[in-house]
Amino acid sequence: KKGASVLSSNRKKEFWYFTKEEDTVWQEYKNYLLQEKNWEKENIDQLDIETSSIMNEIINPTIKEVKRVQGLVLGYVQSGKTSNMAGVIAKAADSGYRFIIIFAGLTDALRRQTQVRIENDITKRTRERWYWLTDQYNDYIPTPQSLPDTKTNVTKICVVKKNVMILERLLGKINELTDSRILDMSTLIIDDECDQASLNTKENKDIAGDISGTNKRIKQMLQKLKIRSYIGYTATPNAPFLTNPQSADGTQSLFPSDFII
């Protein structure tokens, strides 16, 4: 297997991430792959290296610095993209990310498939470390209460469809939070099949300021959050990296301006 190659815009990059024995979520995931999924050790080591290289491109959540990082992970079809995503989720929780949002497809079936996979692979064996906002049967449903203020080692997590109404609900809840709560909530956004629905398909039409609904909500979410890493996953990267880095309305687009792996 070839290793991952990294295109990074950060010349003075800080290699902040390395795996540690006390990284419970990652260690449990590794054991699960070895013992229950019968992975070869060398493939697990490869996954460890690849996910660590992604971690070193995103924000170190322990440094409470307002920052936004956007990148793209290109995975060939059937190359273990979801395992890679799961590994990054595990390592992000171990590192101090307190909110993980996963955008999964356009259909209920795809969203549910991703939810089940992340539950089985990651959260089932470390339940005390997670607070789920979605489940196998329900996409994000807002409650009258605001987003929970979880304990320092508990990570809120949700798998949501790329649907304007659902994203609007989640955005509404994020908008209710105080700035100090948002600063305490370093967020990882994983956009699966990021070339689907997330991009502004109306960008170069006659009305320059016209933004497709899903794209608008994702960008508003990124604008509201303070410490946020956005990773798009795709096997068809042309659209994401041919996107204009700046949207027609003057805001930052979803272009992978920080790294491509």
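Bear in mind that the values here come from a model prediction, so they are computed numbers and not experimental data.

Here is what the cut-offs are and how they apply
- Residues numbered from 1 in each chain as written.
- Predicted model: local features only at pLDDT ≥ 70, side-chain atom pairs only at ≥ 80, totals over all residues.
- Heavy atoms only, no water.
- Helix = DSSP H or I, 4+ residues; strand = E, 2+ residues; numbered from the N terminus.
- Buried < 20%, exposed > 50% of the residue type's maximum accessible area, 1.4 Å probe, protein only.
- Contact = heavy atoms within 4.5 Å.
- Areas by Shrake-Rupley, 256 points an atom, 1.4 Å probe, with all protein chains shown as cover.
- Expected span 1.5 Å × (residues − 1).
- Salt bridge = Lys/Arg side-chain N within 4 Å of Asp/Glu carboxyl O.
- Core = buried A, V, L, I, M, F, W, Y, C linked by side-chain atoms within 4.5 Å.
- Phe/Tyr/Trp six-rings, centres within 6.5 Å; stacked < 30°, edge-to-face > 60°.
- Pairing = 2+ DSSP bridges.

Draft legend 1. Focus on the overall build of the chain. Scanning the chain for helices and strands turns up 8 helices and 8 strands. Taking all 261 residues of the chain together, the buried fraction comes to 51%. The contacts of the chain with a sequence gap of at least 6 include a subset with a gap of at least 24, amounting to 80%. Approximately 12,600 Å² of the chain is accessible, and the part contributed by carbon and sulfur atoms is 50%.

Draft legend 2. Here's a closer look at helix α5 (residues 164–175). Taking 1.5 Å per residue, 12 residues should reach 16 Å; α5 reaches 16 Å between its end C-alpha atoms and fits that length. Its buried side turned inward, α5 meets β3 (99–104), β5 (155–160), α6 (179–183) and α7 (213–224).

Draft legend 3. Inspection of the side chain of Thr-114 at higher detail. Mapped onto the elements, Thr-114 comes out in helix α4 (residues 108–121). Relative accessible area serves as the criterion here: at 11%, Thr-114 is assigned to the buried category. Beyond its immediate chain neighbours, meaning those up to four positions away, Thr-114 contacts Ile-102, Ala-104 and Val-159.

Draft legend 4. Summary view of the environment of Thr-214. Within the secondary structure, Thr-214 is located in helix α7. Note on Thr-214: relative accessible area 9%, which makes it buried. Along the primary structure Thr-214 and Ile-166 are separated by 48 residues, whereas in three dimensions their C-alpha atoms are 9.6 Å apart.

Draft legend 5. Main features of the pattern of salt bridges. Throughout the structure, instances matching the rule amount to 14 salt bridges. Across the pair Arg-129 and Asp-94 runs a salt bridge whose closest N-O atoms are separated by 3.5 Å. With Arg-129 in the loop between α4 and β4 (130–132) and Asp-94 in helix α3 (residues 81–95), this pair connects stretches of sequence that are 35 residues apart. Neither residue differs from the other here; Arg-129 and Asp-94 are each classed as buried. What you see here is one network of salt bridges that share partners, running through Asp-108, Arg-111, Asp-139 and Lys-161.

Draft legend 6. Quick look at unusual backbone geometry. You will see that Asn-38, though not glycine, has its phi angle at about 55°, which is positive. On the secondary structure map, Asn-38 appears in the loop between α1 (24–35) and α2 (41–55). One non-glycine residue, Glu-193, adopts positive backbone phi at about 50°. Relative to the elements of secondary structure, Glu-193 occurs in the loop between β6 (187–192) and α7.

Draft legend 7. Looking closely at the nonpolar core. Residues Ile-89, Ile-122, Leu-188 and Ile-231 are the most contacted members of the largest nonpolar core, which totals 38 residues. Listing elements by their share of this core, those giving two or more residues are α1, α2, β2 (67–74), α3, β3, β5, β6 and β7 (227–234). Here this core gets 7 residues from one element, more than from any other, and that element is α3. In terms of nonpolar packing, the next biggest core, distinct from the first, is built from 25 residues, Val-160, Ile-166, Ile-174 and Leu-254 among them.

Draft legend 8. Spotlight on the packing of aromatic side chains. Across all of its chains, the model carries 3 aromatic pairs by this definition. Seen in terms of ring centroids, Trp-16 and Tyr-17 are 5.7 Å apart; in terms of plane orientation they differ by 80°. Their pairing is edge-to-face. For Trp-16, a relative accessible area of 12% translates into the label buried. Between Tyr-29 and Tyr-32, the aromatic rings sit 6.5 Å apart at their centres with planes inclined by 25°, giving stacked as the arrangement.

Draft legend 9. Spotlight on the pairing of β3. Of all 6 residues in β3, 6 are buried; the element is thus mostly enclosed. Along β3, one buried face is formed by Phe-99, Ile-101 and Phe-103 and the opposite face, lined by Ile-100, Ile-102 and Ala-104, is buried too. In the sheet, β3 pairs with β5 via 5 bridges, with the strands oriented parallel. Each bridged residue has a counterpart across the sheet, and for Ile-100 the counterpart in β5 is Ile-157.

Draft legend 10. Spotlight on the pairing of β5. Of all the 6 residues making up β5, 6 are buried; the element is thus mostly covered by neighbouring parts of the structure. Neither face of β5 is exposed, since Thr-155, Ile-157 and Val-159 on one face and Lys-156, Cys-158 and Val-160 on the opposite face are all buried. Direction of pairing for β4 relative to β5: parallel, over a ladder of 3 bridges. Bridge assignment links Trp-130 to a residue of β5, and that residue is Thr-155.

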